[in-house]
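# Residue-level structure breakdown
Listed below are the residues making up each chain.
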Amino acid sequence: MNRRITITLLLAALVAVAVLVPAPLSAQTANAVKNWTPPKTADGAPDLQGVFSTATAVPLERPRNLGSKEFYTDEELAARAKATAAQAAARANQAVDPNIVHYDLGQYGLNQRVTAESNRTSQIVGPEGVIPPILPQAQERVNAKQAAARGHNFDDVQHRSLSERCILWPNEAPPMLSPGYNSDLQIVQGPGYVTILQEMIHDARVIPTDGSAHLPSNIRLLLGDSRGHWEGNTLVIDTTNFTDRTAFRNSGENLHVIERLTRTSGDTILYQFTVDDPTTWAKPWSGEVSWEKINSPIYEYACQEGNYGLPNILSGARATEKESAGK
Amino acid sequence: MRTKFAWFTVCAALLGSAQVWAHHAFAQEFDEKRPLKLEGTVTKWEVINPHSWIHLDVKSPDGKVTSWMIEGGSPNALFRQGFTKESLPVGSEIVVEGFQAKDGSNRGVGSNVVFKDGRKLFLSNTGANGVPSGGGGDN
């Protein structure tokens, strides 16, 4: 088994190496990006439509050893790509514990994804580059939640996560970070609306851009309530009215997210986000990532229809309980 | 023409710890202490999300046939690599390696699926620029 997995990983690494090596933007290309004017829809709004990949090689938080360094130079980026490729190839040559690697890379297409290039060292912008520490009151909230769940994680369906139950995947509510695999979304526009459909795991955010106000504060939604407006060629989306179940990085229901989507070329959207929740963090924090247009449709995911995993997990938990009781 | 990066950070992360990418609580569904190696004939391939499931009949040396279900990758990702519903026809003879369900039933998660003639199901034939050049498993 070890040998087979090793071969698998080696092939995956070779594929990755083949597509990895970047070329720096030529001055001509950089100029073209700067002077690029986005097309307009029939009703005159900037046209953001298309299918985009949110996959990225840039981590959300900056590795600690980089300190306040926000960007790699082109040379550093190239060297880093080379080193990562060599490291992956070396790891692929080692025997891999099959208890850890139970899927092949290829099963998720992870060896074939392409992403927009970026010199950023983290998606989170600014000198800190990491999520600020949560406030003591937020920590208390998190602790209380964990304490209530302890020992009951597998009691029944209601105790399992929203993602495991095919209700909400973390990428669907803003900010829309890459879900890890099948990182694709489609933007569709109509007069007064922008809709963003996420492949993982099914949700469409229907965002009015007609100047209408947010829902009353007593109506709370897993995806929050999003309202958009245009600032030049940028779509700005303001989202509030979350529930405490969405809990983005320990946030509470007071989460407030502002997103900015700007098409920077025919193939790329710059996605910027600012996250705020005064009951969780002392100050707002922001990030950005580029999405690359892909020549592929979105596929239906229909997570709930095939979710054998959930009953299997509960059945496994019952078996474990029986085993423990017998000891 | 811009050059694009492979999604490499994630690949590296996956090499270190695959569980994070599974849809669910792997440790509670499958048992790493029960490794499996099954040789059998495919009776059905459910191409469903979040995971595909391969059904196969396994014949023991005494002739007894047992039916098994094996969990595989997300169909969306497989489809983008060139797999289709026809990639694993009923009657295919395959060898599956993986781990059995924690409740002891005839279910498991597949780590490898190999056809009798050596072709691998979950590795596509990769052409230029990482684009699959054809249907499943022509390695």
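Residues numbered from 1 in each chain as written. Chains lettered and ligands numbered in written order. Predicted model: local features only at pLDDT ≥ 70, side-chain atom pairs only at ≥ 80, totals over all residues.

### Considerations on the overall build of chain A
Threshold: Here a strand is any run of E in DSSP of at least two residues, a helix any run of H or I of at least four, and the numbering for each starts at the N terminus. As a rule, residues whose C-beta atom has 12 or fewer other C-beta atoms within 10 Å are exposed, those with 20 or more are buried, and those in between are partly exposed; C-beta atoms are placed from the backbone. Residues are treated as contacting if the C-beta atoms built from their backbones sit within 7 Å of each other.
The number of helices and strands found in chain A is five helices and ten strands. Every one of the 327 residues in chain A was classed for burial, and the buried ones make up 35%. Long-range contacts, defined here as pairs at least 24 residues apart, represent 64% of the contacts in chain A between residues at least 6 apart.

### Things to note about the nonpolar core
Selection criterion: We define the nonpolar core as any set of buried residues of the types Ala, Val, Leu, Ile, Met, Phe, Trp, Tyr and Cys, connected via C-beta atoms lying within 7 Å of each other.
Membership of the largest hydrophobic core comes to 23 residues, with the highest contact counts inside it found for L48, V194, I269 and Y271 of chain A. Apart from residues lying up to four places away in sequence, V194 of chain A is in contact with L48, I187, Q189, I207, T209, G228 and L235 of chain A. Counting residues in each nonpolar core, the second largest holds 21 residues, with I313 and A317 of chain A together with L38 and L88 of chain B among its members.

### What to know about the confidence of the model for chain B
All names here are of chain B. Heads up, the rule is: As a per-residue measure, pLDDT tells how confident the predictor is, with possible values from 0 to 100.
Here chain B shows a mean pLDDT of 71. Residues at 70 or above account for 68%. Scored below 50 in pLDDT, residues 1–21 shows 57 contacts in the model against residues more than four places distant or in partner chains. In this model residues 123–139 is a low-confidence stretch, pLDDT under 50, and it forms 47 contacts with partners more than four residues away in sequence or in other chains. As scored by the predictor, the complex reaches a pTM of 0.81 and an ipTM of 0.76.

### Here we look at the environment of D225 of chain A
If you trace the backbone, D225 of chain A turns up in strand β6 (residues 225–231). Look past the residues within four positions of D225 of chain A in its chain and what remains in contact with it is H214, L215, T239, T240 and N241 of chain A.

### Some remarks on the pairing of strand β7 (residues 234–240) of chain A
Residue and element names in this part refer to chain A. Note the following rule: When DSSP locates at least two bridges between a pair of strands, those strands are taken to pair.
Where β6 and β7 come together, seven bridges link them in antiparallel fashion. Paired with S226 across the strands is T239, a residue of β7. Following β6, the chain reverses through two residues before pairing antiparallel with β7; G232 in that reversal takes a positive phi of roughly 65 degrees. By the bridge criterion, six bridges tie β7 to strand β8 (residues 256–263) in an arrangement that is antiparallel. Within β8, the residue paired with D238 across the bridge is I258.

### Details of helix α4 (residues 136–149) of chain A
Residues lying three or four places apart along an α-helix face the same way, a consequence of the helix completing one turn every 3.6 residues. Residue and element names in this part refer to chain A. Filter applied, for reference: Helix span, expected: 1.5 Å multiplied by one less than the number of residues in the helix.
Compared with the 20 Å implied by 1.5 Å per residue over 14 residues, the 20 Å span of α4 between its first and last C-alpha is a close match. Counting buried residues along α4, only zero of its 14 residues qualify, which leaves the element largely exposed. Backbone geometry just downstream of α4 places G151 in the positive-phi region, at approximately 80 degrees.

### Examining unusual backbone geometry
Of note, the amide linkage connecting P174 of chain A to P175 of chain A takes the cis form, showing an omega dihedral of 0 degrees. Its location among the elements puts P175 of chain A in the loop between α4 and β3 (184–190). Backbone torsion omega between N49 of chain B and P50 of chain B reads 5 degrees, so that peptide bond is classified as cis. You can see P50 of chain B is positioned in the loop between β2 (30–46) and β3 (53–59). Even without being glycine, C166 of chain A reaches a positive phi, approximately 60 degrees. Residue class for C166 of chain A comes out buried when judged on the 22 C-beta atoms lying within 10 Å of it. One non-glycine residue, N241 of chain A, adopts positive backbone phi at about 60 degrees. The residue N241 of chain A is located in the loop between β7 and β8 in this model. A tally of 20 C-beta atoms within 10 Å means that N241 of chain A is categorised as buried.

### With respect to the sheet that holds strand β5 (residues 93–101) of chain B
All names here are of chain B. Using the following cut-off: Orientation is described by lines fitted to C-alpha atoms, with helices fitted over the stretch in contact, and by angles between N-to-C directions that extend from 0 to 180 degrees.
The mixed closed barrel is built from five strands, whose spatial order is β2-β3-β4-β6-β5. The average angle at which neighbouring strand axes cross in this sheet is 55 degrees, direction not considered. Pairing geometry for β3 and strand β4 (residues 65–71), over seven bridges, is antiparallel. For L56, the partnering residue across the bridge sits in β4 and is W68.

### Here's the deal with the sheet that holds β6 of chain A
Residue and element names in this part refer to chain A. With antiparallel pairing, nine strands are arranged side by side in an open sheet as β5-β4-β3-β1-β10-β9-β8-β7-β6. Of all the strands in the sheet, the pair left with one neighbour each is β5 (204–208) and β6. If you compare each strand with its neighbour and ignore which way they point, the axes differ by 25 degrees on average. Looking at chain direction, β3 and strand β4 (residues 193–198) are connected through six bridges and run antiparallel. The partner of V188 across the bridge, within β4, is T195.

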